[in-house]
There are 4 protein chains.
Amino acid sequence: MKKLTVGIAGVGRIGKIHLENLARKFSQVTVKTAVDAMEAGREYARSLGVENVTDNIDDLINDPEIDAVIVCSPTDTHAEYTMAAARAGKHVFCEKPLDLSLDTVKEVLAVVEEAGVKLMIGFNRRFDGNFMKIRELVEAGKVGEPHILKITSRDPGPPPVSYVKVSGGMFMDMTIHDFDMARFIVGSEVKEVYATAGCMVDPEIGEAGDVDTALVTLTFENGAMGVIDNSRKAVYGYDQRVEVFGTEGMANTDNNHYDNHRFYGAGGINAALPLNFFMDRYIDAYYNEMEAFVTALEKGEDMPVSGKDGIMSMAIGLAAKKSVEEKRPVAVSEILG
Amino acid sequence: MKKLTVGIAGVGRIGKIHLENLARKFSQVTVKTAVDAMEAGREYARSLGVENVTDNIDDLINDPEIDAVIVCSPTDTHAEYTMAAARAGKHVFCEKPLDLSLDTVKEVLAVVEEAGVKLMIGFNRRFDGNFMKIRELVEAGKVGEPHILKITSRDPGPPPVSYVKVSGGMFMDMTIHDFDMARFIVGSEVKEVYATAGCMVDPEIGEAGDVDTALVTLTFENGAMGVIDNSRKAVYGYDQRVEVFGTEGMANTDNNHYDNHRFYGAGGINAALPLNFFMDRYIDAYYNEMEAFVTALEKGEDMPVSGKDGIMSMAIGLAAKKSVEEKRPVAVSEILG
Amino acid sequence: MKKLTVGIAGVGRIGKIHLENLARKFSQVTVKTAVDAMEAGREYARSLGVENVTDNIDDLINDPEIDAVIVCSPTDTHAEYTMAAARAGKHVFCEKPLDLSLDTVKEVLAVVEEAGVKLMIGFNRRFDGNFMKIRELVEAGKVGEPHILKITSRDPGPPPVSYVKVSGGMFMDMTIHDFDMARFIVGSEVKEVYATAGCMVDPEIGEAGDVDTALVTLTFENGAMGVIDNSRKAVYGYDQRVEVFGTEGMANTDNNHYDNHRFYGAGGINAALPLNFFMDRYIDAYYNEMEAFVTALEKGEDMPVSGKDGIMSMAIGLAAKKSVEEKRPVAVSEILG
Amino acid sequence: MKKLTVGIAGVGRIGKIHLENLARKFSQVTVKTAVDAMEAGREYARSLGVENVTDNIDDLINDPEIDAVIVCSPTDTHAEYTMAAARAGKHVFCEKPLDLSLDTVKEVLAVVEEAGVKLMIGFNRRFDGNFMKIRELVEAGKVGEPHILKITSRDPGPPPVSYVKVSGGMFMDMTIHDFDMARFIVGSEVKEVYATAGCMVDPEIGEAGDVDTALVTLTFENGAMGVIDNSRKAVYGYDQRVEVFGTEGMANTDNNHYDNHRFYGAGGINAALPLNFFMDRYIDAYYNEMEAFVTALEKGEDMPVSGKDGIMSMAIGLAAKKSVEEKRPVAVSEILG
């Protein structure tokens with residue numbers, strides 16, 4: 001069988017993970033080209049034996065041998081690179097979000113569709129073993145008809161304010177993962193959003209026009225209700241849990257912890273904290289995600305996370321933002337137009 | 001020290017628990033009189049050596065030796081008995097709710113205040129060891145400033161529709177416990193309520209004009225946010241959990257289970273379900289609650305659950321109802337007037 | 001149906017529990033007589049409405065109306081009272097141990113057998129919900145053929161040395177419960193014992209000729225192996241766990257804790273300790289045990305814990321003691337003769 | 001700083017893990033040479049860019065540029081390769097056991113000592129995060145003086161009988177890891193061993209002269225007692241737990257599971273099984289182990305697992321075997337001579 005030839009645009013924090021996985025763990029893949037503006041990224045690619053290491057994206061886009069492009073470059077290049085690759089007839093895996101503008105995202109999806117290539121969006125959490133298990137239980141009907149979904153999503157600490165300012169806001173930057181998770185677990189679209197939010201962690205975030213703590217209520221088309229709670233700062237670590245309740249039962253999942261010891265002393269029982277960093281928590285998810293992309297390409301199947309998934313999560317995020325501003329529930333259809 | 005002399009009005013399901021506790025476990029209390037319309041209740045009181053067993057409430061109200069009255073009779077007698085006892089100069093412990101009408105409750109509280117007696121409302125869950133521990137952690141500052149409160153409250157099965165019709169609706173009958181819990185844990189008043197709800201368990205409940213599944217978002221005066229999720233039917237039992245998240249940490253509590261075994265077989269690990277019945281789950285809470293009432297009387301201290309606690313939870317319930325009807329957040333002040 | 005008329009000998013710490021249960025919770029039982037040498041015990045019995053409260057055991061033994069006797073008096077009266085009651089044609093529930101001498105125990109059992117009455121030994125832990133569940137899983141074949149049994153049994157603190165001196169030693173006083181548990185869970189007799197033990201908690205215990213820490217290996221007749229670990233002092237509370245491993249799986253049980261909260265702070269996760277006191281841990285077991293006794297009498301069934309159970313656990317204890325002294329495995333048959 | 005140049009002998013199941021770790025994750029290490037008798041192993045080495053890939057061990061031993069050798073070849077070559085490497089002045093990391101003969105092991109250690117090189121034995125479990133945490137708690141004095149150690153070690157299934165026959169027996173092949181763990185956790189030497197064992201899983205194992213189920217009691221020089229329970233077949237997966245109890249508390253560790261979901265249905269609560277395979281469970285341990293080896297070489301420090309560790313675990317294993325044969329406790333000094 002012919003090997004799949006891929007190129008990667010961006011060898012930064014997440015790019016390195018994808019590149020190492022592709023180069024070392026998928027015998028059916030050849031990483032021919034790696035593009036990065038920084039020498040450190042290029043050096044990393046060379047150490048993995050990538051044939052063509054460059055700072056010029058055109059070397060990748062114009063190479064007819066390349067079947068698929070992995071876009072891990074900065075967010076503001078996602079739309080451009082994805083469209084360029086699609087127009088060149090290449091399949092694309094793109095880290096989320098495609099863009100912060102809904103119009104641009106729609107444009108990208110139109111280009112992708114016209115090109116007839118496949119596009120997968122990097123919602124990596126869908127590929128976490130815990131969340132996959134919850135989805136599997138829902139899909140298999142073990143939970144029955146889902147009635148209530150609860151997602152806890154708290155970061156160990158807020159990002160720098162400089163990042164907050166260009167991030168699109170907490171709902172678009174952080175909660176967007178939870179919106180995707182909500183749709184993934186329940187298997188139904190979100191119809192309406194009501195959000196309350198505030199700046200309770202860091203006043204500078206508020207001054208930058210953003211929030212850092214939120215409760216978002218979701219109503220799904222199938223009648224289920226959901227709630228997401230977010231905080232930018234959990235002193236005990238990265239808190240990522242899901243619970244789904246239905247007519248036949250309830251399934252939930254705890255965090256992954258540093259170890260599973262218990263210490264029983266005169267003062268109580270102590271245990272280890274949850275992992276503190278998203279790359280520790282989701283390291284296996286990144287691998288599983290890339291495997292899903294490669295497998296879908298090999299088998300000619302639909303991508304497990306589509307462009308539509310990208311656009312729907314964005315729309316929910318924009319609805320949440322509007323709900324906070326206008327202090328009322330907002331229909332997602334208001335946003336999608 | 002002089003013993004406390006009490007009388008009990010109503011020896012039904014919960015009255016029996018209070019009567020047995022008072023008669024057997026508080027050496028400083030004499031239960032002089034028990035009133036019940038049914039012979040079964042009176043027989044139970046006699047078996048505990050109650051001196052005066054009767055079906056006439058006046059025997060209790062008019063007895064000058066009785067210091068305090070425990071009102072466990074049907075809900076529609078709560079206001080009348082509480083006022084009568086207060087006017088007769090007796091302290092009152094009254095099962096929740098004082099009444100389904102906010103105006104009547106206000107009237108009862110006015111009578112109690114004028115009489116200068118003490119009134120405690122039977123929000124028993126505040127005295128559950130798990131929830132007391134969570135409150136203790138919040139009060140001691142371990143959690144820091146509370147930001148997010150989450151209450152899960154699901155019944156093992158819906159009540160009969162005949163009961164639903166006279167119950168005042170799910171928010172007033174079931175969620176009212178959670179509203180009280182929310183105020184108790186966070187230690188701040190609820191300012192605003194947004195509720196989504198539906199009839200997902202039993203269509204007859206919907207036909208009776210009530211809901212059986214809900215997500216209620218609370219905004220507290222101190223800025224914290226809270227969410228309560230309710231279902232009238234959890235197939236796995238009575239699900240009562242609380243989580244509070246703040247600047248210094250997070251505290252949560254699981255259910256109480258039938259036992260704590262684990263079975264590891266080829267097909268997975270199995271454990272016992274949560275207790276299925278509120279009287280099993282809260283049996284110790286009922287004792288602790290009565291102890292708190294007796295202790296407050298002995299020491300002349302304020303009641304741990306006051307008439308105001310009764311009125312505030314009702315107001316939140318009415319706000320939740322209005323929020324569902326009008327599909328918008330409702331300020332509790334709108335209800336309280 | 002005729003009520004069961006019982007008398008109780010000894011209204012001390014455990015006698016009070018049994019008396020309260022019998023007087024309040026078994027409508028089919030009348031406690032006619034209570035005997036105690038101390039006024040406190042007698043006062044307690046009076047408060048429960050016992051008709052005949054006395055310090056004279058003969059008032060109980062010679063009363064032809066009494067069907068059964070509950071022996072909770074000091075250990076050195078167990079054999080005498082049990083034999084007297086049996087000879088008077090009364091069934092007996094006797095707290096463990098029947099006696100510290102194997103010969104005396106054999107004599108008691110002979111008297112009981114000749115009298116044709118029933119005798120139950122108070123191995124209360126068999127009636128703890130957790131351990132009953134483990135036994136149930138073994139009995140139902142879920143665990144398959146049992147191969148390995150592990151019992152953890154650690155006290156929160158050592159008894160006074162004065163008590164140690166008259167207790168018969170740790171194996172006879174403390175581990176005897178675990179020997180009974182081992183036989184109960186596995187459902188097979190212990191064939192051989194190897195024990196290592198030392199005085200590691202309190203040197204005075206060693207000076208009194210006893211040990212306070214031990215590991216006891218058991219070999220069962222059905223081929224299973226078991227290990228009991230004991231300590232007289234666990235700073236974190238009363239530690240009582242069982243694990244059984246077999247061809248089809250493994251079942252284990254954790255302790256009961258003060259509450260089930262978890263606190264997640266910057267320094268780790270904290271939880272509540274196990275209950276610290278055997279009467280808290282086993283309060284339900286005492287009730288279940290008495291219910292089993294009463295039910296067996298009512299139905300004319302065999303006692304769930306027989307005189308043989310008493311003698312076998314003693315023999316294992318004596319074998320363990322000999323094993324430590326002689327540093328070799330000892331067959332239980334060596335002890336039983 | 002000069003890079004460390006290493007060679008690896010054996011690129012089989014465990015060799016691949018070490019090779020990948022060394023080649024990809026340690027920038028301070030160059031893997032110059034890989035030796036394997038099989039083309040598959042050599043192909044794997046080539047794919048990682050190893051310069052010199054060969055089937056001739058002498059290419060490795062005789063290369064003066066190689067600082068250290070990783071021995072992952074079949075057990076019967078361990079002693080020979082380790083001695084050859086040592087004589088050539090190279091440090092050695094050798095998978096356990098060095099040999100099945102105590103005399104040979106002694107000879108190897110003498111050669112290593114004379115050569116003045118460092119030797120580390122691959123007891124990988126010491127580098128598992130859970131067990132490291134337990135050791136850390138003991139070392140930091142949190143547990144106080146250790147009194148009781150409990151190790152559960154059960155395999156998901158027995159090896160082929162052909163392997164059993166050449167393995168040296170369960171104590172030397174499987175329990176040897178637990179003997180090392182016992183010494184590691186308690187931090188004291190084992191003085192005496194008493195073992196009971198049987199063939200309960202597979203009669204063919206018994207026919208091959210081996211056991212498959214065992215309880216081993218250890219007495220440590222510091223007075224602590226320990227027990228190891230082994231089974232060759234746990235239907236629920238690979239069961240690897242440790243508990244240590246001391247004067248100040250107790251620390252234990254659970255298994256690692258496939259995921260951490262809980263499903264609550266009408267029939268009970270279900271959870272995922274422990275990982276079923278040692279390479280899944282210990283994948284991080286293999287990395288940590290190699291890091292410890294590399295770090296010790298770089299810093300010129302003592303190896304964290306020494307040749308003495310290899311010999312002591314063997315001696316305990318031989319004592320356990322003798323204890324079963326002679327049905328008595330056996331001093332380790334009897335074996336060491």
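Residues numbered from 1 in each chain as written. Chains lettered and ligands numbered in written order. Predicted model: local features only at pLDDT ≥ 70, side-chain atom pairs only at ≥ 80, totals over all residues. Heavy atoms only, no water.

Attention shifts here to the overall build of chain A. Regarding its fold elements, chain A presents 13 helices and 15 strands. For chain A, whose C-alpha radius of gyration is 20 Å, the value lies close to the compact-globule estimate of 20 Å for 337 residues. Projected onto its principal axes, the C-alpha coordinates of chain A cover approximately 60 × 55 × 45 Å. Every one of the 337 residues in chain A was classed for burial, and the buried ones make up 62%. Considering only intrachain contacts with a sequence separation of at least 6, the fraction spanning at least 24 residues in chain A is 70%. Accessible area of chain A: about 12200 Å², with a carbon and sulfur share of 48%. Charged side chains of chain A number 35 positive and 52 negative; the gap between the two group centres comes to 3 Å. (Helix = DSSP H or I, 4+ residues; strand = E, 2+ residues; numbered from the N terminus. Rg over C-alpha atoms; globule rule 2.2 N^0.38 Å. Buried < 20%, exposed > 50% of the residue type's maximum accessible area, 1.4 Å probe, protein only. Contact = heavy atoms within 4.5 Å. Areas by Shrake-Rupley, 256 points an atom, 1.4 Å probe, with all protein chains shown as cover. Lys, Arg positive; Asp, Glu negative; His and termini not counted. Charge placed at Lys NZ, Arg CZ, Asp CG, Glu CD.)

A few words now on the interface of chain C and chain B. With 29 residues of chain C at the interface, the matching set in chain B holds 29 residues. Between chain C and chain B, a total of about 2000 Å² is buried, with carbon and sulfur atoms accounting for 47% of that surface. Contact with chain B buries area across many residues of chain C, yet Arg24(C), Asn260(C) and Phe263(C) alone supply 31% of it, more than any other trio. Between the two partners, chain C and chain B, sit 2 salt bridges. A salt bridge links Glu20(C) to Arg24(B); its shortest N-O distance comes to 3.2 Å. (Buried area = accessible area lost by both parts, 1.4 Å probe. Salt bridge = Lys/Arg side-chain N within 4 Å of Asp/Glu carboxyl O.)

Right, let's talk about the domain arrangement of chain A for a bit. Residue and element names in this part refer to chain A. Taken domain by domain, chain A comprises domain 1 (4–117) and domain 2 (126–282 + 312–336). Domain 1 puts 10 residues into the contact, and the matching count from domain 2 is 14 residues. Summing both sides of the interface, domain 1 and domain 2 together bury roughly 910 Å²; the carbon and sulfur share of this comes to 74%. The largest contributions to the domain 1 side of the interface with domain 2 come from Lys96, Leu100 and Leu102, which together make up 57% of the buried area. (Domains from an automatic or database assignment.)

Once that is clear, we can look at the relation of the copies chain C and chain B. With an RMSD of 0.1 Å, the fit of chain C onto chain B corresponds to turning through 180 degrees and sliding 0.0 Å along the axis. Those values place the two copies in the arrangement expected of a two-fold rotation axis. Comparing contact sets, 100% of the residues at the interface of chain C also lie at the interface in chain B, consistent with an isologous, same-surface contact. (Least-squares fit on C-alpha atoms with pLDDT ≥ 70 in both.)

For the rest of this paragraph, the subject is the nonpolar core. Residue and element names in this part refer to chain C. Counting 104 residues, the largest nonpolar core has Leu22, Leu149, Ile185, Val193, Val216, Leu218 and Phe293 as the members making the most contacts within it. Of all the elements, helix α12 (residues 283–299) adds the most residues to this core, at 8 residues. The two domains that each donate at least three residues to this core are domain 1 (4–117) and domain 2 (126–281 + 312–336). Ignoring any residue separated from it by four or fewer positions in sequence, one finds Leu22 in contact with Val6, Val29, Val31, Ile70, Met290 and Val294. (Core = buried A, V, L, I, M, F, W, Y, C linked by side-chain atoms within 4.5 Å.)

With that settled, the discussion passes to the packing of helix α6 (residues 129–139) of chain C against helix α9 (residues 175–186) of chain C. Closest axis-to-axis distance for the α6(C)/α9(C) pair is 8 Å, and the angle between their directions is 35 degrees. Where α6(C) abuts α9(C), its residues Phe131(C), Ile134(C), Arg135(C) and Val138(C) lie against Met181(C), Phe184(C), Ile185(C) and Val186(C). (Axes fitted to C-alpha atoms, helices over the stretch in contact; angles between N-to-C directions.)

Okay, the UniProt feature "domain: Gfo/Idh/MocA-like oxidoreductase N-terminal" (unreviewed entry) in chain A next. Taken from the UniProt record, the annotation "domain: Gfo/Idh/MocA-like oxidoreductase N-terminal" (unreviewed entry) applies to residues 5–123 of chain A. The span residues 5–123 of chain A shows a helical share of 45% and a strand share of 24%, and its end C-alpha atoms are spaced 23 Å apart. (UniProt positions renumbered as here; feature names shortened; annotations may be inferred.)

Rotating chain A by 180 degrees about the axis while translating it 0.0 Å along that axis superimposes it on chain B, leaving an RMSD of 0.0 Å. The fraction of interface residues of chain A whose copies in chain B are also interface residues reaches 100%, indicating that both copies meet through the same surface.

Turning our attention to the side chain of Asp155(A). Structurally, Asp155(A) can be placed in the loop between β7 (146–154) and α7 (161–166). Sequence-distant contacts of Asp155(A), defined by excluding residues within four places in its chain, comprise Met174(A), Ser231(A), Arg232(A), Lys233(A), Ala234(A), Gly237(A) and Tyr238(A).

Negative phi values dominate among residues other than glycine, just as trans dominates among peptide bonds. Cis geometry is adopted by the peptide bond preceding Pro97(B), which originates at Lys96(B) and carries an omega value of -10 degrees. Tracing the chain through its elements places Pro97(B) in the loop between β5 (91–95) and α5 (102–115). Of note in the backbone geometry, Lys327(A) takes a positive phi value of approximately 50 degrees without being a glycine. Among the secondary structure elements, Lys327(A) is positioned in the loop between α12 (307–326) and β15 (330–331).

Attention now goes to the packing of helix α5 (residues 102–115) of chain D against helix α13 (residues 307–326) of chain D. Residue and element names in this part refer to chain D. Remark: α5 packs on α13, axes separated minimally by 10 Å, with the N-to-C direction vectors making an angle of 170 degrees. Viewed along their axes, α5 and α13 adopt a mutual orientation that is roughly antiparallel. Mapping the contact onto sequence places Leu102, Val105, Lys106 and Leu109 in α5 and Gly307, Lys308, Ile311, Met314 and Leu318 in α13. Partitioning the contact of α5 with α13 into residue classes produces 6 nonpolar, 1 polar and 2 charged. (Parallel < 35°, antiparallel > 145°, perpendicular 65-115°, else oblique. Nonpolar A, V, L, I, M, F, W, Y, C, P; charged D, E, K, R; others polar.)

Next up on the list: the interface of chain A and chain B. Between chain A and chain B, the contact holds 42 residues from the first and 42 residues from the second. When chain A packs against chain B, the two sides together hide about 3100 Å² of surface, and 66% of this comes from carbon and sulfur. Between Glu192(B) and Lys327(A) there is a salt bridge, and its shortest N-O distance comes to 3.2 Å. At the junction of chain A and chain B, the tally comes to 11 residue pairs in polar contact (both at pLDDT 80 or more). Going through the elements one at a time, β7, β8 (190–198), β9 (213–220), β10 (225–231), β11 (239–246) and β12 (249–253) of chain A are the ones with two or more residues in the side of chain A that touches chain B. The element that contributes the greatest number of residues to the side of chain A that touches chain B is β7(A), accounting for 7 residues. When its residues are assigned to classes, the side of chain A that touches chain B shows 17 nonpolar, 14 polar and 11 charged. (Polar contact = N/O pair within 3.5 Å; in protein donor to acceptor, adjacent residues only side chain to side chain.)

Considering the arrangement of structural elements, one finds Ala88(D) in the loop between α4 (75–87) and β5 (91–95). The spacing of Ala88(D) and Thr33(D) is 55 residues in sequence and 15 Å in space, taken between C-alpha atoms.

Moving on to the sheet that holds strand β2 (residues 29–35) of chain C. Across a sheet, paired strands are connected by hydrogen bonds in the backbone, their directions being either parallel or antiparallel. Residues and elements named next belong to chain C. One open sheet accounts for 6 strands, arranged β3-β2-β1-β4-β5-β6; its pairing is parallel. Of all strands in the sheet, those with a lone pairing partner are β3 (52–54) and β6 (119–122), marking the two edges. The average undirected angle you get between the axes of adjacent strands in this sheet is 20 degrees. Strand direction decides the pairing type here: β2 and β3, joined by 3 bridges, are parallel. Bridge assignment links Val35 to a residue of β3, and that residue is Thr54. Packing of α12 onto the sheet brings it into contact with β1 (4–9), β2, β4 (68–71), β5 (91–95) and β6, and relative to β5 it is tilted by some 165 degrees. (Pairing = 2+ DSSP bridges.)

Residues and elements named next belong to chain D. By the alternation rule, side chains of strand β4 (residues 68–71) split into Ala68 and Ile70 and Val69 and Val71, which are all buried. One ladder, built from 4 bridges, connects strand β1 (residues 4–9) with β4; its direction is parallel. Bridging across to β4, Ile8 finds its partner in Ile70. For β4 and β5, the ladder comprises 4 bridges, and the chain directions are parallel. Across the sheet, the residue bridging to Ala68 is His91, located in β5. For the segment spanning β4, α4 and β5, crossover handedness is right-handed. (Right-handed = clockwise from strand over helix to strand, strands pointing away.)

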